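Below, each chain spelled out in residue letters.
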Amino acid sequence: MTDTGPLKAELIAAIAATETLEQLEAVRLNALGKKGLISTQLKALGGLAPDERRQAGQALNVVKEEIGVALAERQAVLKRAELADKLASETIDVSLPARATTNGRTHPLSRTIEEISAIFSDMGFSIAEGPDIETDFYNFTALNIPPEHPARQEHDTFYLNPDKTGTRPVLRTHTSPVQIRTMLNTPPPIRIIVPGRTYRSDHDATHSPMFHQCEGLVIGEGIHMGHLKGCLIDFCRAFFGVKDLPVRFRPSFFPFTEPSAEVDIGCRRVDGGLEIGAGDDWLEILGSGMVNPKVLENCGLNSDEVQGFAFGMGVERLAMLKYGIPDLRTFYESDLRWLKHYGFMPVDVPGLHTGLGTGGA
Ligand code: PHE
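Residues numbered from 1 in each chain as written. Predicted model: local features only at pLDDT ≥ 70, side-chain atom pairs only at ≥ 80, totals over all residues. Heavy atoms only, no water.

**Focus: the overall build of the protein chain**
Turning to step 1, where the next piece is worked out: Of the regular secondary structure elements, the protein chain holds twelve helices and ten strands.
Turning to step 2, where the next piece is worked out: Radius of gyration (C-alpha) of the protein chain: 38 Å, far over the 21 Å computed for a compact globule of 361 residues.
Turning to step 3, where the next piece is worked out: Dimensions of the protein chain along its principal axes, counting C-alpha atoms only, are 110 × 60 × 40 Å.
Turning to step 4, where the next piece is worked out: In the protein chain, buried positions account for 40% of the 361 residues.
Turning to step 5, where the next piece is worked out: Contacts in the protein chain between residues far apart in sequence, at least 24 positions, make up 65% of those at least 6 positions apart. (Helix = DSSP H or I, 4+ residues; strand = E, 2+ residues; numbered from the N terminus. Rg over C-alpha atoms; globule rule 2.2 N^0.38 Å. Buried < 20%, exposed > 50% of the residue type's maximum accessible area, 1.4 Å probe, protein only. Contact = heavy atoms within 4.5 Å.)

If you want it as structure tokens, here you go:
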């Protein structure tokens, strides 16, 4: 029968002599690893007579277990020692100045959309959305812009390849198709705003092929021009933070509203700069009107029973005016220096983002 005494003594001594976890791991591999001492002897058992094999096998397994226990105990001791070493050597100097943290900024467009949403939320509007890729029906036809209508040319539309039915989907040229989607899906009363991306083939300092609009739609019984005016005057004053901001409604034309009005705010141009809320100059900021009865009928609504108003504004334009940003293209250049300058700290600054509260409307 094999005497396992010397093997055990050798391994126990080797374990006791280790001073680091790496050394201990080396001993473990040498003992229990695939090609280690114990494994090799276990494999060699095959050559013995059955009786001998059983006895030797049992003895080897006992050693294996004892070595396992000894390894675990030594590991605990070494780990404790390592931690104690670390605690002694790594001290934290709490008097050192803190490292500067870099904060991201909220993009002025996101900020402007948040401000617009906060103001209209205060007036009971909810937010609706629609797809960027639209059908001709939602973007034009249902909005009373039939195929031969000149307004189609003005929109500089991006067309996509024809679909199965042979009609070409479009990148929506305005957020107005969401008016149609909402009226077809939701019974009145309706009170929504629709912030979102819009697309027109146009590119210069004040136009970009992709830009943002915020649509508004109110539908209900007895809605009239007075509601439109009150709502938009309150909005303009709250958005620009000027209590008595002059607001003017100027007759205009949109195929989907009748009558239509462009909304201007009072301003003064000084040395190439712009002062909002003073002086006797005017600045156009949004389009609006009473929803054309034809559009109501296109959406299955009875224009004798319900009426409504709609409006649409360019988000970039509003942001440029409010925050003095001179070139629209810079919104999309992802220039970190620009964002640091024009962006907003993510934590809200009290008084800057207070819905209707700002303008004292
Ligand atoms: N859709 C119009 C545009 O893009 C804006 C508008 C919306 C005008 C709703 C009136 C009513 O110019």
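**Structural notes on the domain arrangement of the protein chain**
Turning to step 1, where the next piece is worked out: Taken domain by domain, the protein chain comprises domain 1 (5-89) and domain 2 (108-359).
Turning to step 2, where the next piece is worked out: Summarising the inter-unit geometry, the C-alpha centres of domain 1 and domain 2 are found 77 Å apart. (Domains from an automatic or database assignment.)

**Notes on the pattern of salt bridges**
Turning to step 1, where the next piece is worked out: In total, this model carries 16 salt bridges according to the counting rule given.
Turning to step 2, where the next piece is worked out: The closest approach of N and O atoms between arginine 111 and glutamate 115, which form a salt bridge, is 2.9 Å. Highlighted residues: arginine 111 and glutamate 115, both in helix 5 (residues 108-122), separated by four residues, approximately one helical turn. We note that arginine 111, like glutamate 115, is buried.
Turning to step 3, where the next piece is worked out: Arginine 337 is the salt-bridge partner of aspartate 335, the closest N and O atoms lying 2.8 Å from each other.
Turning to step 4, where the next piece is worked out: Since its relative accessible area comes to 25%, aspartate 335 is described here as partly exposed.
Turning to step 5, where the next piece is worked out: You can call arginine 337 exposed: its relative accessible area is 66%.
Turning to step 6, where the next piece is worked out: A single network of salt bridges, built from pairs that share partners, joins Arg248, Arg250, Glu262, Asp264 and Glu284. (Salt bridge = Lys/Arg side-chain N within 4 Å of Asp/Glu carboxyl O.)

**Describing the nonpolar core**
Turning to step 1, where the next piece is worked out: Ile116, Phe120, Phe235, Phe240, Phe311 and Met313 are the most contacted members of the largest nonpolar core, which totals 47 residues.
Turning to step 2, where the next piece is worked out: Take this core: its biggest share by element is nine residues, from helix 9 (residues 225-240).
Turning to step 3, where the next piece is worked out: The contacts of phenylalanine 120, once residues within four sequence positions are left out, are Phe125, Ile193, Cys231, Phe235, Phe311 and Met313.
Turning to step 4, where the next piece is worked out: If you look at the next biggest cluster of nonpolar residues, it comprises 23 residues, including Ala128, Phe140, Ile180 and Ala310. (Core = buried A, V, L, I, M, F, W, Y, C linked by side-chain atoms within 4.5 Å.)

**Quick notes on helix 2 (residues 21-32)**
Turning to step 1, where the next piece is worked out: Here helix 2 spans 16 Å end to end across twelve residues, near enough to the 16 Å set by a 1.5 Å rise per residue.
Turning to step 2, where the next piece is worked out: Of all the positions in helix 2, only Leu24, Val27 and Ala31 are classed as buried. In a view along the axis of helix 2, the buried residues occupy a sector of 60 degrees, so they form one face of it.
Turning to step 3, where the next piece is worked out: For helix 2, the secondary structure elements touched by its buried residues are helix 1 (5-17), helix 3 (37-44) and helix 4 (50-89). (Expected span 1.5 Å × (residues − 1). Arc of directions from axis to C-beta.)

**Let's talk about unusual backbone geometry**
Turning to step 1, where the next piece is worked out: With an omega of 0 degrees, the peptide bond running from proline 188 to proline 189 counts as cis.
Turning to step 2, where the next piece is worked out: Among the structural elements, proline 189 can be located in the loop between helix 8 (177-185) and strand 4 (190-199).
Turning to step 3, where the next piece is worked out: Look at the link from glutamate 258 to proline 259: it is a cis peptide, with omega at -5 degrees.
Turning to step 4, where the next piece is worked out: Of note, proline 259 is situated in strand 7 (residues 257-270).

**Let's talk about the site of the ligand**
Turning to step 1, where the next piece is worked out: In the vicinity of the ligand there are 14 residues, among which His174, Ser176, Arg200, Gln213 and Glu215 approach most closely.
Turning to step 2, where the next piece is worked out: Measuring from a nitrogen atom of the ligand, one finds a side-chain N or O atom of histidine 174 at 3.0 Å.
Turning to step 3, where the next piece is worked out: For the ligand, the accessible surface in isolation is 320 Å², of which the surrounding protein chains cover 90%.
Turning to step 4, where the next piece is worked out: Its atoms largely coinciding with the cavity grid, the ligand occupies the largest pocket.
Turning to step 5, where the next piece is worked out: Counting only elements with at least two residues in the shell around the ligand, the list comes to strand 5 (210-220), strand 9 (281-291) and strand 10 (307-314).
Turning to step 6, where the next piece is worked out: No other element matches strand 10, which puts three residues into the shell around the ligand.
Turning to step 7, where the next piece is worked out: Class assignment for the residues of the shell around the ligand results in four nonpolar, eight polar and two charged. (Near = heavy atom within 4 Å. Polar contact = N/O pair within 3.5 Å; in protein donor to acceptor, adjacent residues only side chain to side chain. Areas by Shrake-Rupley, 256 points an atom, 1.4 Å probe, with all protein chains shown as cover. 1 Å grid on protein atoms, 1.4 Å probe; cavity = no way out; pocket = protein on both sides within 12 Å on 5 of 7 lines; lining within 4 Å. Sits in = over half its atoms within 2 Å of the grid points. Nonpolar A, V, L, I, M, F, W, Y, C, P; charged D, E, K, R; others polar.)

**Brief notes about the packing of helix 5 against helix 9**
Turning to step 1, where the next piece is worked out: Their axes nearest at 10 Å, the elements helix 5 and helix 9 cross at an angle of 135 degrees. The angle between helix 5 and helix 9 falls in the class oblique. Note on packing geometry: the crossing formed by helix 5 with helix 9 is right-handed. Together, Thr112, Glu115, Ile116, Ile119 and Phe120 of helix 5 and Cys231, Phe235, Ala238 and Phe239 of helix 9 make up the contact between the two elements.
Turning to step 2, where the next piece is worked out: Looking at side-chain class alone, the contact of helix 5 with helix 9 contains seven nonpolar, one polar and one charged residues. (Axes fitted to C-alpha atoms, helices over the stretch in contact; angles between N-to-C directions. Parallel < 35°, antiparallel > 145°, perpendicular 65-115°, else oblique. Left-handed = near helix turned anticlockwise from the far one by under 90°.)

**Focus on a negative patch on the surface**
Turning to step 1, where the next piece is worked out: A cluster of acidic side chains, namely Glu221, Glu297, Asp304 and Glu305, defines a negative patch on the protein surface.
Turning to step 2, where the next piece is worked out: Take glutamate 305: it is sitting in the loop between helix 10 (293-298) and strand 10. (Patch = residues over 30% accessible without salt bridge, like charges linked within 9 Å, V, L, I, M, F, W, Y side chains within 5 Å. Lys, Arg positive; Asp, Glu negative; His and termini not counted. Charge placed at Lys NZ, Arg CZ, Asp CG, Glu CD.)

**Remarks on the pairing of strand 9**
Turning to step 1, where the next piece is worked out: Burial analysis of strand 9 places eight of its eleven residues in the buried class, which makes it a mostly covered element.
Turning to step 2, where the next piece is worked out: Across nine bridges, strand 7 lies against strand 9 in antiparallel orientation. Bridged to glutamate 262 within strand 9 is glycine 287.
Turning to step 3, where the next piece is worked out: With five bridges connecting them, strand 9 and strand 10 associate as antiparallel partners. When the sheet's bridge partners are listed, methionine 290 is paired in strand 10 with phenylalanine 309. (Pairing = 2+ DSSP bridges.)

**Structural notes on helix 11 (residues 315-323)**
Turning to step 1, where the next piece is worked out: Here helix 11 lies mainly inside the structure; seven of its nine residues are buried.
Turning to step 2, where the next piece is worked out: Within the sequence span of helix 11, burial applies to Val315, Glu316, Leu318, Ala319, Met320, Leu321 and Tyr323.
Turning to step 3, where the next piece is worked out: Glycine 324 sits one or two positions beyond helix 11 and adopts a positive phi of about 60 degrees.

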